[in-house]
Amino acid sequence: TVYVNQTPFEIDAELDIQALLKQQALKQDKGLAVAVNSVIIPRTNWAQHQLKHDDQVLIISATAGG
């Protein structure tokens, strides 16, 4: 189990951030930021960063407007 924006999700033993975003049907565009356990993970590391049991994942998407 990992927590994505405080919602629990069951994951496979081997799941990286990039795969999680695909699973969540999120576009991996420039306006997306990801932090794991309060540490921002650079986009270049998403495919290599393996998620672990009880990780807290925060996904932030920038939106236009005010």
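Everything here concerns the structure above.
Being a predicted model, the structure only gives us computed values, none of them experimental.

Peer 1: So what's going on with the overall build of the protein chain? Residues and values would help.
Peer 2: Counting its secondary structure elements, the protein chain contains one helix and five strands. Its C-alpha atoms give the protein chain principal-axis dimensions of roughly 40 × 25 × 20 Å. Counting the 66 residues in the protein chain, one finds 29% classified as buried. Intrachain contacts of the protein chain at a sequence separation of at least 6 include 54% that bridge at least 24 residues. Averaging the positions of the 5 positive and the 7 negative side-chain charges in the protein chain gives two centres separated by 14 Å.

Peer 1: Provide a residue-level description of the pairing of strand S3 (residues 32-36), including the pertinent values.
Peer 2: When you tally the buried positions in S3, you get four out of five residues, the bulk of the element. Pairing geometry for S3 and strand S5 (residues 56-61), over five bridges, is antiparallel. Looking at S5, one finds that Val-36 is bridged to Val-57. In this structure, S3 lies alongside strand S4 (residues 39-40), joined through two bridges in antiparallel fashion. If you follow Ala-35 over to S4, its bridge partner there is Ile-40.

Peer 1: Help me get a handle on the sheet that holds S5, residues and values and all.
Peer 2: Overall, mixed pairing links the five strands, which are arranged S2-S1-S5-S3-S4 in an open sheet. Every interior strand has two partners, whereas the edge strands, strand S2 (7-9) and S4, have only one. The pairing of strand S1 (residues 2-4) with S2 spans three bridges and is classified as antiparallel. The residue bridging Val-4 from the neighbouring strand is Thr-7, located in S2.

Peer 1: With reference to specific residues and values, describe the nonpolar core.
Peer 2: Ranked by internal contacts, the top residues of the largest apolar core, which has 15 residues, are Ile-17, Val-34, Leu-51 and Val-57. Those elements giving two or more residues to this core turn out to be S1, helix H1 (17-23), S3 and S5. Setting aside its immediate chain neighbours within four residues, Leu-51 contacts Val-2, Ile-11, Ala-13, Leu-15, Asp-16, Ile-17, Leu-20, Val-36 and Val-57.

About the criteria used
Residues numbered from 1 in each chain as written. Predicted model: local features only at pLDDT ≥ 70, side-chain atom pairs only at ≥ 80, totals over all residues. Heavy atoms only, no water. Helix = DSSP H or I, 4+ residues; strand = E, 2+ residues; numbered from the N terminus. Buried < 20%, exposed > 50% of the residue type's maximum accessible area, 1.4 Å probe, protein only. Contact = heavy atoms within 4.5 Å. Lys, Arg positive; Asp, Glu negative; His and termini not counted. Charge placed at Lys NZ, Arg CZ, Asp CG, Glu CD. Pairing = 2+ DSSP bridges. Core = buried A, V, L, I, M, F, W, Y, C linked by side-chain atoms within 4.5 Å.

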